[in-house]
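Listed here are the chains, written in short residue letters.
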There are 2 protein chains.
Amino acid sequence: MPSHRHPVELAKAYRLLNHGPTVLVSAAAGGRRNIMAAAWAMPLDFAPPKVAVVLDKSTWTRELLEDSGEFALQVPTRAQVDLTQALGSSSGRELVERDGADKFETYGLASFAVAETSAPLLEGCAAWLACRLLPEPAIQQRYDLFLGEVVAAWADARVFSKGRWHFEGHDALRTIHHVAGGHFLLDGDAIDARPLPGRT
Amino acid sequence: MPSHRHPVELAKAYRLLNHGPTVLVSAAAGGRRNIMAAAWAMPLDFAPPKVAVVLDKSTWTRELLEDSGEFALQVPTRAQVDLTQALGSSSGRELVERDGADKFETYGLASFAVAETSAPLLEGCAAWLACRLLPEPAIQQRYDLFLGEVVAAWADARVFSKGRWHFEGHDALRTIHHVAGGHFLLDGDAIDARPLPGRT
């Protein structure tokens, strides 16, 4: 493992998603694997940490996730913005059917495996969360909404440590926030709220 | 209504939340009203637009929302970061019991009413979404997760128009993303993904 990737304690794993970045969702089952972009993901609980993510019925990742009961969220960076858009607008199922090559092969992606999940993890991200599906068939079907418990998490220590993001000096690693149609907002400056004067 | 607040067509309302900002959640019932901060909110569907938001069992806003079946999300700005933190770390119920003044009175907040919801809307935000609760008692109880359909939306046209955020020249109106403990990241630069060379 690259030295920059460090474990994040589970009690602080929600902070990897708390600022609302666009994520990549990966899953694998039966020798197949896929990864897609999702802007609709958020923390759902602190301890144990849980997450929620919306996965359209058409997506192959959803099928693999339902088969395996596992998935990973990863937080892509500014350096991966073109890739993120490509992963969000192409179909792994179609690539495999047409070319016999999945997204990892088609886009030349480096991935790595961890003991905590069957989902492949993409190299170069700012953070990774290995998740166990919390089956809720009714809301999965009705709202395309999937819930998971985070079982392990890691971050690139150059930009996340001690429970805080710190992107200064690492612009290429800033996390990204999709608006629509391949248009993203980057993380900007950090700011600390001050107590309101004269209020309790 | 101030001239800067313009309606957002429902088909594009998801873009007000797609970049994952921290939101304020407001609701009113039986002559009582409250507003709280929530970092865990996201779009859930495009058309009709839906949203998901996590509301702890201890919150008064949740009680008012469950009573009225309605709530509003609003997207606060950099200028409101201290207020957002205060609204997220104080209890409207306790303020009323102790001082007889709710959060709007305690913090001197200007709010406005719209026909589409009973929830009070806070002046000075970058966007507002009036929502109708989609009752899902099991997940409300099990995960503190509330779903809603957006029935009307507005944005400050200085920073959101034609389906895009554009904060240049309006730093005080940049939306904010809570990390933890009153520490926020501001929206930064915009970036457009480019097609990956040689890929389809």
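Higher on the page you've got the structure.
Because the structure is predicted, anything quoted here is derived from the model rather than measured.

### Quick look at the relation of the copies chain A and chain B
After a rotation of 180° and a shift along the axis of 0.0 Å, chain A superposes on chain B with an RMSD of 0.0 Å. On this basis, the relationship between the two copies can be described by a two-fold rotation axis. A shared binding surface is used by both copies, with 98% of the interface residues of chain A retained as interface residues in chain B.

### A word on the pairing of strand 9 (residues 127-134) of chain B
All names here are of chain B. Among the 8 residues that make up strand 9, 7 are buried, leaving the element largely enclosed by the rest of the structure. Across 6 bridges, strand 6 (residues 70-75) lies against strand 9 in antiparallel orientation. Residue Gln74 lies in a different strand from strand 9, and its bridge partner there is Trp128.

### Some details on empty space enclosed by the protein
With the rule as written, the count across this model stands at 1 cavity of 30 Å³ or more. As a volume, the largest cavity reaches approximately 70 Å³. Of all the elements in the fold, those that place two or more residues in the lining of the largest cavity are strand 4 (41-45) of chain A together with strand 4 (41-45) of chain B. Considering each element in turn, the lining of the largest cavity owes the most residues, 3 residues, to strand 4 of chain A. Residue classes in the lining of the largest cavity are distributed as 9 nonpolar, 3 polar and no charged.

### Overview of the interface of chain A and chain B
Every contact between the two is made by 59 residues of chain A and, on the other side, 58 residues of chain B. Buried surface at the junction of chain A and chain B, summed over both partners, amounts to about 5300 Å²; 60% is from carbon and sulfur atoms. By the criterion of area lost to chain B, the three top residues of chain A are Trp40, Tyr143 and Ile191 of chain A, representing 15% of everything that side buries. Between Arg142 of chain A and Glu136 of chain B there is a salt bridge whose closest N-O contact spans 2.6 Å. Counting across the interface, chain A meets chain B through 26 residue pairs in polar contact (both at pLDDT 80 or more). Put simply, the parts of the chain that give the side of chain A that touches chain B at least two residues each are strand 4, strand 5 (50-54), helix 2 (81-89), helix 5 (137-143), strand 10 (145-156), strand 12 (164-165), strand 13 (176-180) and strand 14 (183-192) of chain A. The biggest single contributor to the side of chain A that touches chain B is strand 14 of chain A, with 10 residues. Note that strand 14 of chain A and strand 14 (residues 183-192) of chain B share 7 bridges and pair antiparallel. In the strand pairing of strand 14 of chain B, Phe184 of chain A is matched with Ile191 of chain B.

### Some thoughts on the environment of Arg33 of chain B
Residues and elements named next belong to chain B. Assignment of secondary structure puts Arg33 in strand 3 (residues 32-38). You can call Arg33 partly exposed: its relative accessible area is 26%. For the pair Arg33 and Leu133, spaced 100 residues apart in the sequence, the C-alpha separation amounts to 16 Å. In this view, Arg33 contacts Ala27, Ala28, Trp60, Leu64, Asp102, Phe104, Glu105, Ser111 and Pro120; residues no more than four positions away in its chain are not counted. Reaching out from Arg33, the side chain makes a polar contact with the side chain of Asp102 at a distance of 2.6 Å.

### So, the nonpolar core
Membership of the largest hydrophobic core comes to 62 residues, with the highest contact counts inside it found for Leu145 of chain A together with Leu145 and Trp165 of chain B. In terms of residues, this core owes the most to one element, strand 10 (residues 145-156) of chain B, which gives 6 residues. The residues contacting Trp165 of chain B, other than those within four sequence positions of it, are Val179, His183 and Leu185 of chain A together with Arg15, Leu16, His19, Ala126, Ala127, Val159, Phe160 and Thr175 of chain B.

### Describing the pairing of strand 7 (residues 111-114) of chain A
Residues and elements named next belong to chain A. Covered by surrounding structure in strand 7 are Phe112 and Val114 only, the residues Ser111 and Ala113 on the alternate face being uncovered. Across 3 bridges, strand 7 lies against strand 8 (residues 117-122) in antiparallel orientation. Along strand 8, the bridge assignment pairs Ser111 with Leu122. Connecting strand 7 to the next strand, strand 8, in antiparallel fashion are 2 residues.

### Side note on the packing of aromatic side chains
On inspection of all chains with the given rule, the structure shows 12 aromatic pairs over all chains. Judged by centre distance (5.2 Å) and plane angle (15°), the rings of Trp165 of chain B and Phe167 of chain B are stacked. Three or more aromatic residues joined by ring pairs form one cluster here, namely Tyr14 and Phe46 of chain A together with Trp40 of chain B. Of note, Arg5 of chain B hangs over the ring of Trp128 of chain B, and the distance from its end group to the ring centre comes to 5.2 Å.

### Concerning the pattern of salt bridges
Taken as a whole, this structure holds 32 salt bridges over all chains when the rule is applied. The residue Glu63 of chain A makes a salt bridge to Arg93 of chain A at a minimum N-O spacing of 2.7 Å. One end of the pair, Glu63 of chain A, is in helix 1 (residues 60-68); the other, Arg93 of chain A, is in helix 3 (residues 92-99), with 30 residues separating them in the sequence. On the accessibility criterion, Glu63 of chain A (29% relative accessible area) is partly exposed. Ionic pairing is found between Asp144 of chain B and Arg62 of chain B, a salt bridge with its closest N-O pair at 2.8 Å. Pair noted here: Asp144 of chain B is in the loop between helix 5 (137-143) and strand 10 and Arg62 of chain B is in helix 1 (residues 60-68), with a separation of 82 residues, a long-range link. Exposure class is identical for Asp144 of chain B and Arg62 of chain B. Each is buried. What you see here is one network of salt bridges that share partners, running through Arg32, Glu63, Asp67 and Arg93 of chain A.

About the criteria used
Residues numbered from 1 in each chain as written. Chains lettered and ligands numbered in written order. Predicted model: local features only at pLDDT ≥ 70, side-chain atom pairs only at ≥ 80, totals over all residues. Heavy atoms only, no water. Least-squares fit on C-alpha atoms with pLDDT ≥ 70 in both. Contact = heavy atoms within 4.5 Å. Buried < 20%, exposed > 50% of the residue type's maximum accessible area, 1.4 Å probe, protein only. Helix = DSSP H or I, 4+ residues; strand = E, 2+ residues; numbered from the N terminus. Pairing = 2+ DSSP bridges. 1 Å grid on protein atoms, 1.4 Å probe; cavity = no way out; pocket = protein on both sides within 12 Å on 5 of 7 lines; lining within 4 Å. Points joined across faces, edges and corners; volume = space filled by probe spheres on them. Nonpolar A, V, L, I, M, F, W, Y, C, P; charged D, E, K, R; others polar. Buried area = accessible area lost by both parts, 1.4 Å probe. Salt bridge = Lys/Arg side-chain N within 4 Å of Asp/Glu carboxyl O. Polar contact = N/O pair within 3.5 Å; in protein donor to acceptor, adjacent residues only side chain to side chain. Core = buried A, V, L, I, M, F, W, Y, C linked by side-chain atoms within 4.5 Å. Phe/Tyr/Trp six-rings, centres within 6.5 Å; stacked < 30°, edge-to-face > 60°. Lys NZ or Arg CZ within 6 Å of the ring centre and 35° of its normal.

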